[in-house]
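Chain by chain, the residues:
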Amino acid sequence: MTASSALPYQRLHVELDARRYPIHVGPGLLDAPDMLVPYLAGRQVMIVTNETVAPLYLERLKRTLSGDDRDVRDVREVILPDGEHTKTLASVERIWDALLAAGFNRRCTLVALGGGVIGDMAGFAAACYQRGVAFVQVPTTLLSQVDSSVGGKTGVNHPRGKNMIGAFWQPRAVLIDTGTLATLPARELSAGLAEVIKYGLIQDADFLAWLEARMPALRGLDVEALTEAILRSCAIKAEIVARDETEQGQRALLNLGHTFGHAIEAHQGYGNWLHGEAVGAGMLMAAALSQRLGWLAADDMARVETLVADTGLPVTAPAAMSADDFLATMRLDKKNIDDRLRLVLLSSLGEACVYDDTPSDMLESLLADFPRA
Ligand code: NAD
Ligand code: GLY
């Protein structure tokens, strides 16, 4: 086994006082025991993964967690079906069943091995099991590496709305093995890049320009470019989460495009549009609304459109979705206060705000006029 200290890796932290935790980023980290073992609460470990990821990475992770002496740790696994439509309380119950069947106690650790669906469910299972146990994120999609594994938002979908049931529960560590991206389908890579673009749009115009130049390399799985994109994204997210863990203010900016995107996901049936694809189209809708408000110049709008298209993401909304369909789900958004719709919009490229005063006729006409396909 390669000694982890020999692996080239980089580390940042989410600064949350006593709950401060590291994000380790590098190739081959799945084989690095000292990036994982120190973050386990005790000897009981439950790996939570799915039917797609298990054949690819489960055995390696088990070997790393078990160590040379398999008696030291009791490492089990629960393998769930794959897909956004499985992000339900019923799946989380399967995790709790496995923990109880194994006789695991409060000093157990859940290790989420997979994309955002697995990470969100494993984290929620950890938040509730015996009123809260440790968990570690081992994200294997780009989207989960740049966004969902960091920051402690956990939960499941409800038929009436995305991520409507959940808890804030921080992991003890995030281990990003960039090598896992080699097996990721191209469509999933593009979906992850949507969240990367989001960071540039909301607070880093230089990063946005870097993404415009490096998009072909990123889509071509250039390891150096992907590592930089992951590090810059995680740094922005870690900084925002440290300042506003439970989304009382600034963290809401991380939802650029999500109010529109969640409506698309719910309307189309979970999993038919990937989360990142819906966010990509949603960011365009938010940018178009910002332009109508007079905040974004036509040139800047064109840059956003080109970047989203170059990423391989949809630039149109679903054909069968009316303005009323959008509004029905948008009214349930978690950011809303009382009856006021709160949207994340762009005050300029690289700067976002939460706005609750969009004239309703402007929003309705934007929703009606936005291109469909
Ligand atoms: P996902 O978890 O469904 O993974 C996408 C697909 O890739 C799945 O089929 C998965 O099995 C497969 N996969 C995972 N790793 C792979 C690999 N290395 N090689 C090959 N296939 C692999 O989707 P996602 O895009 O990772 O995450 C989306 C979810 O994350 C949504 O439910 C969204 O709501 C949630 N999310 C949460 C947060 C948060 O802060 N908690 C933030 C953003 C998104
Ligand atoms: N993905 C939004 C957040 O973590 O707040």
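Preceding this paragraph is the structure being described.
Residues numbered from 1 in each chain as written. Chains lettered and ligands numbered in written order. Predicted model: local features only at pLDDT ≥ 70, side-chain atom pairs only at ≥ 80, totals over all residues. Heavy atoms only, no water.

Caption draft 1: Structural view of the packing of helix H5 (residues 186–203) against helix H9 (residues 275–292). With their axes 7 Å apart at the nearest point, H5 and H9 run at an angle of 40° to one another. What the angle tells us is that H5 and H9 run oblique. The element H5 and its partner H9 pack so that their crossing is left-handed. For the pair formed by H5 and H9, the contact residues are Arg187, Ala191, Ala194, Glu195, Ile197, Lys198 and Leu201 on the first element and His275, Gly276, Glu277, Val279, Gly280 and Met283 on the second. Each residue belonging to the contact of H5 with H9 can be placed in one class, and the counts come to six nonpolar, three polar and four charged. (Axes fitted to C-alpha atoms, helices over the stretch in contact; angles between N-to-C directions. Helix = DSSP H or I, 4+ residues; strand = E, 2+ residues; numbered from the N terminus. Parallel < 35°, antiparallel > 145°, perpendicular 65-115°, else oblique. Left-handed = near helix turned anticlockwise from the far one by under 90°. Contact = heavy atoms within 4.5 Å. Nonpolar A, V, L, I, M, F, W, Y, C, P; charged D, E, K, R; others polar.)

Caption draft 2: Up close: the pairing of strand S10 (residues 343–348). Direction of pairing for S10 relative to strand S11 (residues 351–355): antiparallel, over a ladder of five bridges. Looking across to S11, one finds that Leu343 is bridged to Tyr355. Two successive antiparallel strands, S10 and S11, enclose a turn made up of two residues, where Gly350 displays a positive phi of approximately 95°. (Pairing = 2+ DSSP bridges.)

Caption draft 3: Examining the pattern of salt bridges more closely. Tallied over the full model, the rule gives 21 salt bridges. For Glu195, the salt bridge identified is with Lys198, shortest N-O distance 2.9 Å. Of this pair, Glu195 and Lys198 both sit in helix H5, separated by three residues, roughly a single helical turn. One exposure class covers both Glu195 and Lys198, and it is buried. A cluster of three or more residues bridged by salt bridges with shared partners is formed by Asp147, Glu195, Lys198 and Lys237. (Salt bridge = Lys/Arg side-chain N within 4 Å of Asp/Glu carboxyl O. Buried < 20%, exposed > 50% of the residue type's maximum accessible area, 1.4 Å probe, protein only.)

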